[in-house]
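Reading the structure
Here is how the chains run, residue by residue.
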Amino acid sequence: MEFFCGLDVGMDETAICVVDATGKVMLETAVVTDPDAIKVALTPYLGRLRRLGHEAGSLSPWLHPELLRLGLPAVCLETLHVRAALKAQRNKTDRADALGIAHIMRTGWFRRAHIKSEACYRLRLLLTHRRNLKRKFVDLENAIRHSLKVFGIRLNRVGRGGFAQVVREAVAHDALVSELIDAMLNARAALWKEYCRLHDLVVRLVAGHELCRRFMQIPGVGPIAALSFMTAVDDPSRFRRSRDVAAYFGLTSRRWQSGSSIDVKGRISKAGDGDVRRALYEAASALLTRYKKKDKVKAWGLALGKRSSHRKATVAVARKLAVIMHAMWTSGTFYCGDPDASAAEMHAETTAKQRKLLGPYA
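First, a word on what this report is: a plain description of the structure on this page. Computed from a predicted model, the values in this text were never measured in an experiment.

Take the overall build of the protein chain next. Within the protein chain, the secondary structure is distributed over 14 helices and seven strands. Along the longest, intermediate and shortest principal axes, the C-alpha atoms of the protein chain span 75 × 65 × 50 Å. Each of the 362 residues in the protein chain was classed as buried or not, and the buried ones make up 40%. A separation threshold of at least 6 residues defines the contact pool for the protein chain, and within that pool the share at least 24 residues apart is 58%. Accessible area of the protein chain: about 20700 Å², with a carbon and sulfur share of 53%.

The next subject is the side chain of T314. Tracing the chain through its elements places T314 in helix α13 (residues 310-331). Judged by relative accessible area, which is 1%, T314 ranks as buried. Those residues within four positions of T314 in sequence are excluded, and the remaining contacts are Y281, A284, S285 and L288.

In this section: the packing of aromatic side chains. Inspection of every chain in the model, using the stated rule, returns eight aromatic pairs. Consider the rings of F137 and W192, whose centres lie 4.9 Å apart with planes at 40°: the pair is tilted. On the criterion of sequence distance, the pair formed by F137 in helix α5 (residues 118-148) and W192 in helix α7 (residues 175-207) is long-range, its members being 55 residues apart. The class of W192 is partly exposed, set by a relative accessible area of 32%.

Those residues of helix α6 (residues 163-170) not exposed but buried are F163, A164 and V167. Down the axis of α6, the buried side of the element spans an arc of 95°, and every buried residue falls inside it. Opposite its buried face, α6 presents the exposed residues Q165 and E169, each directed more than 90 degrees away. Here the buried face of α6 lies against α5 and α7.

To continue, consider helix α9 (residues 223-233). With respect to burial, α9 is a largely interior element, ten of its eleven residues being buried. When we look at burial in α9, the residues that qualify are P223, A225, A226, L227, S228, F229, M230, T231, A232 and V233. Looking one or two residues beyond α9, the residue adopting positive phi is D234, at roughly 65°.

Quick look at the nonpolar core now. Residues F215, I218, V221, F229, F249 and L280 are the most contacted members of the largest nonpolar core, which totals 49 residues. Breaking this core down by element, the ones donating at least two residues are α5, α7, α8 (210-215), α9, α11 (274-289) and α13. Ranked by residues supplied to this core, first place goes to α13 with nine residues. The contact partners of I218, leaving out residues within four places of it in the chain, are L321, I324, M325, M328, Y335 and K353. Membership of the second largest hydrophobic core comes to 16 residues, among which are V31, I38, L42 and L72.

Parameters and conventions
- Residues numbered from 1 in each chain as written.
- Predicted model: local features only at pLDDT ≥ 70, side-chain atom pairs only at ≥ 80, totals over all residues.
- Heavy atoms only, no water.
- Helix = DSSP H or I, 4+ residues; strand = E, 2+ residues; numbered from the N terminus.
- Buried < 20%, exposed > 50% of the residue type's maximum accessible area, 1.4 Å probe, protein only.
- Contact = heavy atoms within 4.5 Å.
- Areas by Shrake-Rupley, 256 points an atom, 1.4 Å probe, with all protein chains shown as cover.
- Phe/Tyr/Trp six-rings, centres within 6.5 Å; stacked < 30°, edge-to-face > 60°.
- Arc of directions from axis to C-beta.
- Core = buried A, V, L, I, M, F, W, Y, C linked by side-chain atoms within 4.5 Å.

Have a look at this one:
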């Protein structure tokens, strides 16, 4: 008799459920969220334990490799897939979730989630913290702008560099408001300083990474888009076809079909990593609007925009960029947007772009 296990992992405690091949519950317990404690609880079933499933979460990058190291047949499950399967439950409890995951493992109706390498998670942490600092900086700046509207002060055309000076001059006549705004501006300056520090670290890492430099040969693709794409994919061999990457990042349209009369194609699914999707969209927008030289992808996107709309064309170009970048990664090739350009011209253009974006690290 084979056994199947489901784990509902929490920060402090993990619910465990073991069922046999017929669905009969053999074990229901809860232990401390620790790989060794989980193995001890499963000791009576280890010889015939076929699959052990747990939902992807914040602890998965640590827990999953540890479970595999202890010899447990661990499988990390896609969160959306598990959530959809467990919606049939009347009550949502840790015990019921563990039972549901155990039945998912027994039936085999699950989708594996990819656990990235530790080095990849470190780079993604850098991108995440850089993004968070930038968002907090923009939030503070918008809060300052909004608070000054009460006094009729509107900062419409003020650049980022001269923002602090203009705001201080605008409230210099009011001692209390000046003190409050000064504290906000100091916090804004501190956030900007640390953001620039992390952005500089991203640029240095990209400058020393051969694959990211190859990605940056594509017009519109900068250090953030290159590093975001590389860390999100991690292992290109897990995609059988390059065009599957576009669906992985939610850049393909949803489809709803029922019978012979209903077949609707909607907007993009927006599944997967939103930061990568935004980076690819921004790269596509830069390619279509700011790049002035000849490029096959740009020409294709502009023609598509004339038939539909600029926004749809930008999404389509972002989708194509994802496919191109994955193909470049797997084949080890370089990007050539203009087939008529010579090798010397391509090299000069790439060098100029990298010097502009990477600065002294190019």
